[in-house]
Amino acid sequence: MSTLTDMRRDMNARMFKQQRNMWIAVALVLGCLPLFYGGSDFALTVSIQIGMMIIFSLAYNMLLGQGGMLSFGMAVYFGMGGFLSMHFMNMIEADTVWLPMALLPVVGAFIGLVLGLIIGSFSTRKAGTIFAMISLGIGELVAASSLIFVKFFGGEEGVTGDRTMGPEMFGVDFASELEVYYLVAAWVFIATLLMFLFSRTPVGRMANAVRDNPERAEFVGYSQRFVRLISFAGAGLFSGLAGSLFAITYEIVTEETLNAVTSGAPLIMVMIGGAGYFIGPIIGAIFYTLLSTVLSNYTEIWLMYVGIIFVLTIMYLPAGLTGLLLMHNPIIKAKKLKRILPVYGKIALPVIGIFLGIVGLLEVGHYAHNASAGDMTMSLFFVSVDTSSYLPWIFFTGILVGGFMLAKKQAPSVAETYEEVHKEALGGGDK
Amino acid sequence: MTSAIHLVDLQKSFGQTAIIRGINLEIKKGERHAIIGPNGAGKSTLFHLISGKYEPTAGSVKLHGNEITGLPPYEIYRKGLSRSFQVTNIFHRMTVYENVRCGIMWNMGYKYSFWNRVDTTEEINLKTEAVLEEIGMVERAMTPAGLLTYAEQRALEIGITIAGGADVIMLDEPTAGMSHSETEQAVALIRKISENKTLVMVEHDMGVVFGLADRISVLVYGEIIATDTPDRIKENEAVQEAYLGTEHDDDA
């Protein structure tokens with residue numbers, strides 16, 4: 001019995017406890033969340049959407065983060081899972097088949113799995129550019145056929161259904177938003193747990209190995225293509241499940257669930273959240289959905305902001321928001337966060353200035369371009385702004401440029417303080 | 001007794017250029033066999049042909065009497081042949097521990113399993129730890145492989161290769177670029193891991209070759225000009241001519 005064995009057993013035992021507590025906490029949070037909403041349907045709706053997106057982006061990260069495959073066509077599995085679930089829902093209503101509505105996501109998951117196996121059988125031969133191009137092609141192909149095969153996809157109106165018409169289980173018929181929330185929450189828990197466990201199986205570990213070095217994986221007995229195919233089929237399965245939840249929640253599925261915007265969403269969520277961490281896509285999904293639902297209440301050009309945040313994340317935070325948070329983990333553990341916060345406070349002001357400048361310019365520009373003649377005064381940040389004058393342009397450009405220059409001046413000292421505190425935290429924490 | 005590896009008229013051309021021009025070679029079970037030859041003789045290409053990285057243009061490769069010509073690398077590995085690489089070929093973003101673990105899962109029967117948990121499967125981890133002990137990397141187990149020193153990466157390369165317990169081990173220049181003391185350690189390691197196994201290796205360091213090998217084959221311009229014991233190879237005129245004719249390479 002070597003010391004390494006003891007160390008590993010010790011570590012595993014600790015990790016097992018940590019993980020078990022974490023999953024209990026997740027279940028508790030999912031279960032209790034609606035209690036804090038005070039009956040707000042908007043909060044429930046947003047939570048449901050976040051739940052769907054968590055499953056979808058985690059599924060996407062089975063490809064990108066764990067398997068090293070960049071897909072531009074995940075909407076195929078999400079949308080097809082949704083459409084077939086919707087047809088199945090209508091068959092349940094017509095009494096052609098018997099299935100409790102709560103189990104409908106199994107149908108979506110199965111569709112995703114089958115499609116994943118079929119498409120993966122030829123697209124996973126190589127990773128990299130070839131894989132990305134095939135996924136784009138298939139995505140466009142399916143999106144285009146949704147407007148050609150009108151009978152199946154319902155044309156531009158899509159397909160509708162009624163989730164309350166299924167056989168009742170325990171007196172639940174999903175007529176209320178709250179019941180739908182708990183259905184989605186239960187599936188989020190199951191899917192997240194399964195995907196987490198998958199990443200710890202032999203084939204899940206080999207997915208990482210194939211991502212890092214496909215050639216070497218072949219020389220330890222694994223066909224890189226088959227390992228990718230399994231990841232791909234799994235990603236299809238959980239995307240289909242998410243699509244099914246979409247069908248249940250909105251009771252309508254249109255061609256929008258198949259198009260490039262839907263394919264891009266999980267990519268954006270994963271990159272913002274951090275592809276290198278299991279929790280990254282979850283954080284990305286929460287951030288993205290909150291941003292899009294809340295922002296879209298205030299501004300028409302919210303998608304532009306999502307785009308800007310996406311680009312900034314790629315440029316400055318390659319490890320995503322999760323990476324940014326975890327950078328501070330040792331500092332928090334060593335209780336040295338107090339030392340670094342004042343420095344962050346100093347750079348916060350110029351950064352806020354940059355954002356205000358960007359938002360101001362975009363909003364004023366957007367308003368001036370679209371406003372009806374004679375009505376050039378808009379309300380921005382609770383102030384009325386005359387968009388026909390030069391003043392707002394000069395003002396916002398001023399704080400943008402000023403903020404940028406100040407931030408650039410501050411940045412080296414912030415980085416320096418971080419390095420210093422981080423080093424201390426590591427040195428002091430371990431010994 | 002069938003030989004471990006049997007090559008019959010093996011040939012490989014890239015376009016018009018013939019790199020391997022008809023090799024016949026039998027490597028006996030349990031022997032340590034070294035392949036030497038001047039730069040560009042085709043030693044690495046020969047390795048790639050046997051291990052399945054390249055497909056031969058003509059001829060056949062047999063492993064324990066079974067035809068393996070043209071099979072993909074993972075099929076050949078499953079039949080009991082494992083190889084290392086001249087340019088270190090490891091999983092850089094994974095830890096040393098995980099690197100070795102990748103090398104043992106298939107042969108322990110876990111294959112494409114998605115129903116076993118790796119962390120809690122005692123059998124897998126005990127074997128991994130035994131291999132780490134054998135290659136002397138217990139201390140570095142939790143280090144990402146990309147952060148190892150060059151010599152450590154070479155040792156890990158050998159660790160991944162032997163982890164699955166394959167009975168034919170092929171090492172491509174295991175001591176290339178190592179210092180004298182590192183080479184000594186590597187030789188001791190190779191001697192240990194190749195006990196009761198068939199070892200085929202390409203090596204430039206003549207000290208290593210003559211110290212380890214039971215038999216030596218000399219490859220020149222895609223042909224084997226001699227296969228014999230180290231003593232007789234030293235005295236072989238054709239070998240001397242080949243080496244003196246290209247570059248003086250004794251005990252480099």
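Located above this text is the structure these notes cover.
Residues numbered from 1 in each chain as written. Chains lettered and ligands numbered in written order. Predicted model: local features only at pLDDT ≥ 70, side-chain atom pairs only at ≥ 80, totals over all residues. Heavy atoms only, no water.

Enquirer: Can you explain the overall build of chain A? Please cite residues and give values.
Expert: Looking only at helices and strands, chain A features 17 helices and four strands. Considered along the principal axes of its C-alpha atoms, chain A spans approximately 80 × 65 × 45 Å. Considering only contacts within chain A whose residues lie at least 6 apart along the sequence, 77% involve residues at least 24 apart. A total of about 21000 Å² of accessible surface is found on chain A, and carbon and sulfur atoms cover 70% of it. (Helix = DSSP H or I, 4+ residues; strand = E, 2+ residues; numbered from the N terminus. Contact = heavy atoms within 4.5 Å. Areas by Shrake-Rupley, 256 points an atom, 1.4 Å probe, with all protein chains shown as cover.)

Enquirer: Residue-level account of the sheet that holds strand 6 (residues 81-83) of chain B, with values.
Expert: Residues and elements named next belong to chain B. Taken in spatial order, the six strands line up as 6-7-8-3-9-10 in an open sheet, and their pairing is mixed. At either margin of the open sheet sits one strand with a lone partner, and together these are strand 6 and strand 10 (223-228). Ignoring strand direction, the axes of neighbouring strands in this sheet form an average angle of 15°. Sheet analysis places strand 9 (residues 215-220) next to strand 10, joined by five bridges and oriented antiparallel. Considered in strand 10, the bridge of I216 is made with D228. Its contacts with the sheet place helix 5 (residues 150-163) against strand 6 and strand 7 (168-172), and it is angled at close to 155° to strand 7. (Pairing = 2+ DSSP bridges. Axes fitted to C-alpha atoms, helices over the stretch in contact; angles between N-to-C directions.)

Enquirer: Before we move on, could you go through the interface of chain B and chain A and cite the residues and values that matter?
Expert: It is common to give the size of an interface as the accessible area that goes away when the parts come together. Contacts between the two partners involve 45 residues from chain B and, on the opposite side, 35 residues from chain A. The contact between chain B and chain A buries some 3500 Å² in all, and 61% of this surface belongs to carbon and sulfur atoms. Taken as a group, F91, Y112 and R117 of chain B account for 19% of the area that chain B buries against chain A, more than any other trio of residues on that side. Here D212 of chain A ties to R93 of chain B by a salt bridge, and the two come within 4.0 Å at their closest N and O atoms. At the junction of chain B and chain A, the tally comes to 22 residue pairs in polar contact (both at pLDDT 80 or more). Those elements that place two or more of their residues in the side of chain B that touches chain A are helix 2 (73-78), strand 6, helix 3 (96-104), helix 4 (122-134) and helix 5 of chain B. With six residues, the single largest contributor to the side of chain B that touches chain A is helix 4 of chain B. (Buried area = accessible area lost by both parts, 1.4 Å probe. Salt bridge = Lys/Arg side-chain N within 4 Å of Asp/Glu carboxyl O. Polar contact = N/O pair within 3.5 Å; in protein donor to acceptor, adjacent residues only side chain to side chain.)

Enquirer: Describe the pattern of salt bridges, with residues and values.
Expert: Side-chain pairs of opposite charge can arise whenever the charged atoms involved come near each other. Within the structure shown, the criterion is met by 15 salt bridges over all chains. Note that K53 of chain B and E215 of chain A form a salt bridge whose closest N and O atoms lie 2.8 Å from each other. Taken as a pair, K53 of chain B in the loop between helix 1 (43-51) and strand 4 (58-63) and E215 of chain A in helix 9 (residues 214-218) lie in two separate chains rather than in one. Overall, the relative accessible area of 35% leaves K53 of chain B in the partly exposed class. A salt bridge links D228 of chain B to R232 of chain B; the shortest N-O distance between them is 3.7 Å. (Buried < 20%, exposed > 50% of the residue type's maximum accessible area, 1.4 Å probe, protein only.)

Enquirer: How would you explain the sheet that holds strand 5 (residues 66-67) of chain B if you had to name every residue and give the values?
Expert: Paired through their backbone hydrogen bonds, the strands of a sheet run either parallel or antiparallel. All names here are of chain B. Reading across from one edge, 2-1-4-5 is the order of the four strands in this open sheet, with antiparallel pairing throughout. The two strands at the open ends of the sheet, each matched to only one other strand, are strand 2 (17-27) and strand 5. Relative to strand 4, strand 1 (residues 5-14) runs antiparallel, the two being bridged by five bridges. Within strand 4, the residue paired with H6 across the bridge is K62. Lying on the sheet, helix 1 is in contact with strand 1, strand 2 and strand 4; it crosses strand 1 at an angle near 115°.

Enquirer: With reference to specific residues and values, describe the packing of helix 8 (residues 202-212) of chain A against helix 10 (residues 224-250) of chain A.
Expert: Residues and elements named next belong to chain A. For the pair helix 8 and helix 10, the least separation of the axes is 9 Å and the interaxial angle reads 120°. Taken together, the axis directions place helix 8 and helix 10 in an arrangement best described as oblique. In the crossing of helix 8 with helix 10, the sense of the turn from one axis to the other is left-handed. For the pair helix 8 and helix 10, the contacting residues are V203, M206, A207 and V210 in the first and Q224, V227, R228, I230 and S231 in the second. Tallied by class, the residues present in the contact of helix 8 with helix 10 amount to six nonpolar, two polar and one charged. (Parallel < 35°, antiparallel > 145°, perpendicular 65-115°, else oblique. Left-handed = near helix turned anticlockwise from the far one by under 90°. Nonpolar A, V, L, I, M, F, W, Y, C, P; charged D, E, K, R; others polar.)

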